[in-house]
Amino acid sequence: MADRKTVKAALTEQRIETPSWAYGNSGTRFKTFSQEGIPRDPFEKLDDAAQVHAFTGIAPSVALHIPWDRVDDYAALGAHAESLGLTLGAINPNTFQEDEYKLGSICNPDPAVRRKAQAHLLECVDIMDATGSDALSLWFADGLNYPGQDSLAERQQRLSEALRVAYDRLGQDQRMLLEYKFFEPAFYATDLPDWGTSYAHCLDLGERAQVLVDTGHHAPGTNIEFIVAFLLGRGRLGGFHFNSRFYADDDLMVGAADPFQLFRIMHEIVRAGALEESANVAFMLDQCHNLEPKIPALIRSVLNVQEATAKALLVDGDALAGAQREGDVLGANAVLMDAYNTDVRPLLAEVRADMGIDPDPIAAYHRSGYAEKIVAGRKDGTPAGWGA
Ligand code: AOS
Ligand code: ZN
Ligand code: ZN
């Protein structure tokens, strides 16, 4: 087992990116719920993200979504982030919210629509240049509702062509993260339905194209840690969109439905040394807080990832390897379960004390008065939200 000092150092250095869209209003496909004190623009979303970072100490970057976070002056947005101790993270294009994209974006049968989507991807790389973001994070709603609606094979061709153009536009220090999703919004076929399809496209494109694993995008029962281990072994795990799912793409707080699964994923990460910054795995949240207040929900989510990471770091690697070599099935499983069943909260309180932050981040946030301040201060204007 790594000694306590090493474990604590790894936890101090861990970085988790929060998504700008989690700070705005959101809902289900039935209703968007409004909360009070919601940011009205990307600058205020960063103000809220700074709170999550202040109370956790490990969430210093924010993913942006274009056009929801489109501004005239990205240098000013970057400067605002810097003034808050934040950086701007992955840039997420949106090719799913316009009527023209009804039959798809870069896979659309109409070349004019494909050109429009392609241009948006390139615009997002321009934005990366302006913000200093290193990751173009791609998710496509493209797919079919009915057999025969379009050619599955030709759509793969169109997908390859568009990804190639975007990839070739990236600078040497920039990379492409390619997300997959097994269904929704298309219900019969999705053009990037699984990690294998994503991986194949990444192999075609080149080394700076990597797979993005959104934990909510799999069929029930899928062994996500296997996918993680496989991609890590091939150097193609670009990062995560962490969230929790009970049934589909629920986008609930990571670690809420299945903290054990999160631990198993983090075990593969730790085992492969992929927690290190040099491994370049982006640990991002992709969540929507429809019912619960957003800032404490994001703090809770960051802490859930941190707890799973702490447990994964406590796995006795030598004992595990020994038991595995000897074919000691029960012994090997017991090593993992011992780590998982450890109460890491005292250790994490110590880590926070060492970092100079409150050992109980959620309580500290509630005491800070920030929630009351934003409710009082953001009465006018339009709250940010999905589609705005
Ligand atoms: C959609 O299901 C994907 O998870 C996307 O990554 C994301 O939720 C969306 O693009 C919001 O930006
Ligand atoms: Zn996602
Ligand atoms: Zn999703």
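This is a predicted model, so every value here is computed, not measured.

**Q** Please clarify how the overall build of the protein chain should be interpreted in this entry.
**A** When you go through the protein chain residue by residue, the secondary structure sums to 14 helices and 12 strands. Expected size for 388 residues packed as a compact globule is a radius of gyration near 21 Å; at 21 Å, the protein chain falls within 12% of this value. Here the C-alpha coordinates of the protein chain stretch approximately 60 × 55 × 40 Å along the principal axes. Among the 388 residues that make up the protein chain, the fraction classed as buried is 53%. Pairs at least 24 apart in sequence give 77% of the contacts found in the protein chain among residues at least 6 apart.

**Q** Help me out: how do you make sense of the coordination of the zinc ion (ligand 2) in this one?
**A** The reference angle at a metal is 109.5 degrees if four donors form a tetrahedron and 90 or 180 degrees if six donors form an octahedron. For the zinc ion (ligand 2), the full set of protein donor atoms is E179 (OE), D214 (OD), H241 (ND1) and D286 (OD), and the range of their distances to it is 2.1 to 2.2 Å. Bound by 6 donor atoms, the zinc ion (ligand 2) shows angles of 73 to 162° at the metal and therefore octahedral coordination geometry. Sequence positions of the donors to the zinc ion (ligand 2) reduce to the motif E-x34-D-x26-H-x44-D. The metal-metal distance between the zinc ion (ligand 2) and the zinc ion (ligand 3) is 3.9 Å. Here H241 lies in strand β11 (residues 237-242) and D214 lies in strand β10 (residues 209-214), a separation of 27 residues in the sequence. Here the two residues D214 and H241 agree in accessibility, since each one is buried.

**Q** Help me understand the UniProt feature "domain: Xylose isomerase-like TIM barrel" (unreviewed entry) in the protein chain in this model?
**A** Within the UniProt annotation, "domain: Xylose isomerase-like TIM barrel" (unreviewed entry) is assigned to residues 68-268. Measuring from the first to the last C-alpha atom of residues 68-268 gives 34 Å, for a span that is 40% helix and 16% strand.

**Q** Is there a simple way to think about a nonpolar patch on the surface in this case?
**A** A cluster of nonpolar side chains, F246, Y247 and L252, forms an exposed patch at the surface whose accessible area comes to about 370 Å². Along the chain, L252 falls in the loop between β11 and α8 (259-271).

**Q** What is the right way to read the pairing of β10 from this model?
**A** Within a regular beta strand, the side chains point alternately toward one face of the sheet and then the other, so they alternate between its two faces. Most of β10 is tucked away: 6 of the 6 residues are buried. Examined bridge by bridge, strand β8 (residues 175-179) and β10 share 4 bridges and lie parallel to one another. Note on β10: the bridge partner recorded for E179 is L212. Across 4 bridges, β10 lies against β11 in parallel orientation. When the sheet's bridge partners are listed, V211 is paired in β11 with L237. Regarding the hand of the β-α-β motif, the stretch spanning β10, helix α7 (residues 224-233) and β11 is right-handed.

**Q** Mind showing me how you'd approach the coordination of the zinc ion (ligand 3) here?
**A** Within the protein, H217 (NE2) and D249 (OD) serve as the donor atoms for the zinc ion (ligand 3), at 2.1 to 2.4 Å. Seen from the zinc ion (ligand 3), its 4 donor atoms lie at angles of 76 to 156°, and the figure they make is irregular.

**Q** What is the right way to read the side chain of H267 from this model?
**A** Relative to the helices and strands, H267 resides in helix α8. Leaving out residues up to four positions away in the same chain, H267 has contacts with A312, V315, L320 and L336.

**Q** Mind showing me how you'd approach the packing of aromatic side chains here?
**A** To describe a pair of aromatic rings, one takes the distance between the centres and the angle between the planes. Inspection of every chain in the model, using the stated rule, returns 16 aromatic pairs. On the numbers, 6.1 Å between centres and 15° between planes, the contact of F260 with F263 is stacked. Of the two residues, F260 and F263 both sit in helix α8, 3 residues apart, roughly one turn of that helix. Put simply, the rings of W195, Y199, F226 and F230 pair up and form one aromatic cluster.

**Q** Is there a simple way to explain the site of ligand 1 in this structure?
**A** Every residue lining ligand 1 is accounted for by W21, H65, F96, W139, E179, K181, D214, H217, H241, D249, D286 and W386. K181 places a polar side-chain atom, nitrogen or oxygen, 2.9 Å from an oxygen atom of ligand 1. Considered class by class, the residues forming the shell around ligand 1 number 4 nonpolar, 3 polar and 5 charged.

**Q** Please explain the pattern of salt bridges as it appears in this structure.
**A** Opposite charge on two side chains allows them to pair when their charged atoms are near. Under the defined criterion, the tally for this structure stands at 25 salt bridges. A salt bridge links E225 to R264; the nearest nitrogen and oxygen atoms lie 2.5 Å apart. Here the residue E225 occupies a position in helix α7, and R264 occupies one in helix α8, the gap between them amounting to 39 residues. Overall, the relative accessible area of 22% leaves R264 in the partly exposed class. In the salt-bridge network here, residues are joined through shared partners; they are D150, E154, R155, R158 and D191.

**Q** Help me understand the nonpolar core in this model?
**A** Grouped together as the largest cluster of nonpolar side chains are 99 residues, with contacts concentrated most on F240 and I269. It is helix α9 (residues 294-313) that contributes the most residues to this core, 10 residues altogether. If near-sequence neighbours (up to four positions away) are discounted, F240 is found in contact with L212, V213, V228, I265, I269, V281, A282, F283 and M284. Counting residues in hydrophobic clusters, the runner-up holds 10 residues, among them A63, W68, L177 and M284.

Calculation rules
- Residues numbered from 1 in each chain as written.
- Chains lettered and ligands numbered in written order.
- Predicted model: local features only at pLDDT ≥ 70, side-chain atom pairs only at ≥ 80, totals over all residues.
- Heavy atoms only, no water.
- Helix = DSSP H or I, 4+ residues; strand = E, 2+ residues; numbered from the N terminus.
- Rg over C-alpha atoms; globule rule 2.2 N^0.38 Å.
- Buried < 20%, exposed > 50% of the residue type's maximum accessible area, 1.4 Å probe, protein only.
- Contact = heavy atoms within 4.5 Å.
- Donors = N, O, S within 2.8 Å, 3.2 Å for Na, K, Ca; no water.
- Tetrahedral: all angles 85-135°; square planar, octahedral: opposite > 155°, others 65-115°.
- UniProt positions renumbered as here; feature names shortened; annotations may be inferred.
- Patch = residues over 30% accessible without salt bridge, like charges linked within 9 Å, V, L, I, M, F, W, Y side chains within 5 Å.
- Areas by Shrake-Rupley, 256 points an atom, 1.4 Å probe, with all protein chains shown as cover.
- Salt bridge = Lys/Arg side-chain N within 4 Å of Asp/Glu carboxyl O.
- Pairing = 2+ DSSP bridges.
- Right-handed = clockwise from strand over helix to strand, strands pointing away.
- Phe/Tyr/Trp six-rings, centres within 6.5 Å; stacked < 30°, edge-to-face > 60°.
- Near = heavy atom within 4 Å.
- Polar contact = N/O pair within 3.5 Å; in protein donor to acceptor, adjacent residues only side chain to side chain.
- Nonpolar A, V, L, I, M, F, W, Y, C, P; charged D, E, K, R; others polar.
- Core = buried A, V, L, I, M, F, W, Y, C linked by side-chain atoms within 4.5 Å.

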